[in-house]
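One letter stands for each residue in the lines below.
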Amino acid sequence: MSQKNDETIQANSRRDFLKGSLVAGVAGVASAAGVAGVAAAATPAPDAQKAAAVSAKPSWENPPEPIPESQIKSTVTADMVIIGAGIAGLVAAHAASEQGAKVVVLEKFRTFSVRGKDNAAVNTKVQKAAGYTIDPEMLIADLIAYSQNRVHQSLVRMWAYRSGEVFDHYIDLCEANGLGVKVLPPYNVSRTSPGYPTAHNWVKKGGAESMGSEYILTEVFFMELLERWVKEKGAEIHYSAPAQQLIKDKSGRITGVIAKVKGGYVKYLATKAVILATGGYSENKEMLRAWAPWGEYAESQVYTPPGGNMGDGINMACWAGAALANAPFAIMTHTIPAPPFGNDLMVANQNLLHVNRLGLRYENENQPDPTQCCSRFAQPGRKAWAIVDSKYEKDMSSLQTSMGGPVVEPIAMLEESVEKGRAFKGDSIAALAAKVGIPAKALEETVARYSELARKGKDEDFGKEPNLMYTIEQGPFYAIPIHAQLLVSVGSMNVDPNMQCLDKDDNPIPGLYAIGNMMGNFFGSDYPLIAPGLSHGRAITLSYILGQQLAKA
Amino acid sequence: MSLRSFILCTLLGLVLAASAAFAGQSKSFTSDQPPFTADLHKSAGVSCVDCHGEGKKQSVDTDQCLECHKSFEKIAKKTADMTPNPHDNHLTKSSAECNQCHQGHKANENICVKCHSEMVLKRNK
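Here is what the cut-offs are and how they apply
- Residues numbered from 1 in each chain as written.
- Chains lettered and ligands numbered in written order.
- Predicted model: local features only at pLDDT ≥ 70, side-chain atom pairs only at ≥ 80, totals over all residues.
- Heavy atoms only, no water.
- Helix = DSSP H or I, 4+ residues; strand = E, 2+ residues; numbered from the N terminus.
- Buried < 20%, exposed > 50% of the residue type's maximum accessible area, 1.4 Å probe, protein only.
- Contact = heavy atoms within 4.5 Å.
- Areas by Shrake-Rupley, 256 points an atom, 1.4 Å probe, with all protein chains shown as cover.
- UniProt positions renumbered as here; feature names shortened; annotations may be inferred.
- Core = buried A, V, L, I, M, F, W, Y, C linked by side-chain atoms within 4.5 Å.
- Pairing = 2+ DSSP bridges.
- Expected span 1.5 Å × (residues − 1).

What about the overall build of chain A?
No. 1: On a plain count of helices and strands, chain A comes out with 17 helices and 18 strands.
No. 2: Classification of the 553 residues of chain A by burial places 64% in the buried group.
No. 3: Expressed as a percentage of contacts within chain A between residues at least 6 apart in sequence, the contacts between residues at least 24 apart total 74%.
No. 4: Accessible surface, chain A: about 19,900 Å² in total, of which carbon and sulfur atoms supply 53%.

Points about the UniProt feature "domain: Tetrahaem cytochrome" (unreviewed entry) in chain B
No. 1: Within the UniProt annotation, "domain: Tetrahaem cytochrome" (unreviewed entry) is assigned to residues 41–117 of chain B.
No. 2: Helix makes up 35% of residues 41–117 of chain B and strand 3%, whereas the separation of the span's terminal C-alpha atoms amounts to 30 Å.

Quick word on the nonpolar core
Soluble, globular proteins show a tendency: their nonpolar side chains are buried together.
All names here are of chain A.
No. 1: Counting 125 residues, the largest nonpolar core has Trp159 and Leu246 as the members making the most contacts within it.
No. 2: Broken down by element, the residue count for this core peaks at 10 residues, all from helix α8 (residues 153–176).
No. 3: With sequence-adjacent residues up to four places away left out, Trp159 is seen in contact with Ala120, Ala121, Val122, Leu139, Leu143, Thr198, Phe522, Leu534, Gly537, Arg538, Thr541 and Leu542.
No. 4: Formed by 18 residues, the second largest nonpolar core is a distinct cluster that contains Ala433, Val436, Leu443 and Val447.

As for the pairing of strand β8 (residues 254–261) of chain A
Residues and elements named next belong to chain A.
No. 1: Among the eight residues in β8, eight count as buried, and that is most of the element.
No. 2: The pairing of strand β7 (residues 243–248) with β8 spans five bridges and is classified as antiparallel. Following the sheet pairing, Ile247 is matched in β8 by Gly256.
No. 3: Connecting the antiparallel pair β7 and β8 is a turn made up of five residues, with Gly252 showing a positive phi of about 100°.
No. 4: Of the strand pairs in this sheet, β8 and strand β9 (residues 264–276) are connected by six bridges, and their pairing is antiparallel. Residue Ala259 lies in a different strand from β9, and its bridge partner there is Val266.

Some words on helix α9 (residues 219–232) of chain A
All names here are of chain A.
No. 1: An ideal rise of 1.5 Å per residue puts 20 Å on 14 residues; α9 measures up with 20 Å between its terminal C-alpha atoms.
No. 2: Buried within α9 are the following residues: Glu219, Phe221, Phe222, Met223, Leu225, Leu226, Glu227, Trp229 and Val230.
No. 3: On its buried face, α9 sits against α5 (87–98), β3 (119–120), α8, β5 (199–203), β6 (236–238) and α17 (534–552).
No. 4: Downstream of α9 by a residue or two, Gly234 has a phi angle that is positive, lying close to 100°.

Overview of the pairing of strand β2 (residues 103–106) of chain A
All names here are of chain A.
No. 1: Residues Val103 and Val105 of β2 are buried on one face, and the alternating residues Val104 and Leu106, pointing to the opposite face, are buried as well.
No. 2: Bridge analysis of strand β1 (residues 72–83) against β2 gives four bridges, and the strand direction is parallel. Its bridge partner lying in β2, Ile82 is registered against Val105.
No. 3: Of the strand pairs in this sheet, β2 and β6 are connected by three bridges, and their pairing is parallel. By the bridge assignment for β6, Val104 is matched with Glu236.

Structure (structure tokens):
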């Protein structure tokens, strides 16, 4: 795919100064590409500055001029056209083509998009073999509470009750093709913080099963097979074909989409449905600011492939009259230390003593990962540090979390981080406080109190489980900044319980569906790590069900 | 490919191969900074319009690069002696655009460090 062929990326990367009005001052999206190619983001073209002054409408409220019929060089007709070859799009394509439907998948990049490793499902054959039984109703209740009930409960239930059968289908297919499937123990289990063993990993013999797999994109293993199965079932995947605009007929039905290919445009007509599966918008600053502004507090974002999470499908859907769900939307922000601080400070990711800039403890640290960031954002300067002493490795060896133990680096690695200026070290608490730049007396008192509560076996201040409290008394002492990393956004479009997009009057738009991270009404305002892998788990389960249903309809 | 393009590409290939400094790029640049991509092309006899076209100031997209350089796989072979190979990874297989790293009239930029903060691209000795 060329950059010239992808106006949306160009346009969105320039949003900061364009204020969403790129197309207002120029002659539509096609010619906007020419303009977009002119200047680097820091030096907007005069035309663009003028355009910004004309309109401050966000991109999704600013439809481009329709692509003229004269520029369409060919037409392709299928039962279903799926936009986006991520996990949701390819699963929907697979399920539909298993039923004999003619499916075309459009993807702007040269290959499918994939990242991550966890895939949530309930009571699969792998879970049963590992001795895990999940009570779906308990999990559903927790998920609904976690999302403040800002969801379609029927979609959450559909995932909880049908993920087992959908995953079993894929587990069989994977195992027949030499790919293993493992289930991980739950994250962060304790009386006060629920956790369910929902995360399935696709594993190959070798490194993937070791702890180092944290950084291996194990999802790639699954996607490589999935792409093959999709093609074997007769579906076509058109890569380097960025979708541009949906096609709507006079009755209001979405009948297809126009995609840009080398040398022009192709019209893809869908007799049954167009399914949007272009993922989230976490790389699109204008959208992030509008729908999940705390995502901007994250020190860094990690997303691969870059440019894959620009909200292309959201723009297209809104231009065609689809409505957004009620903001704010959930994003995945993990308390993972990130560039420029490196990916090795996992100790800050655990439920150790957290202190703020005043040297004060402020929470029961035993919270699911994303919410640890949220509390840190509410602290002065949005800063916080995890404090440990020199026996943290031994202390935490008794802790049972995912991957067979807590994900913490050995002390030698922590020392290396200190040398690189990523973490702080002091022979005394006062010396440590001086290094961090927080009040020594307050930190001494906080640490003394925390150790006292740990010895007492009762957290009278914040109610943390006693088995998660360790004294902090053996120097040298370490402070590790708690950083947040923005991964993806996990919801946007207003869909009904059939995953069909709704218009502004909440009427279903015939022929238009949204799946995967484009689908709204599944998460509240945060991503629930109590059921790790739920973004992928929802994508696989619900996209499979939708693909199958639409094919049979 | 026209005969002219063929000659230009061959010349360019020779220049690139001769430019050991080119492959020594990392996120930090010092006095031994490699020549800019545009200068390398110019010294290989590639003219402005060969890449930029005849119109008003235009960026060079990946398709244009691949007119001569053919494919990422082919480019990856030329940098096979680097660790890691900057042209053989999950980005060059999916979304990478040449000008994300090679901005023509500016120094090359290693975008890997956006996520892999300590990744330095080195030529094997």
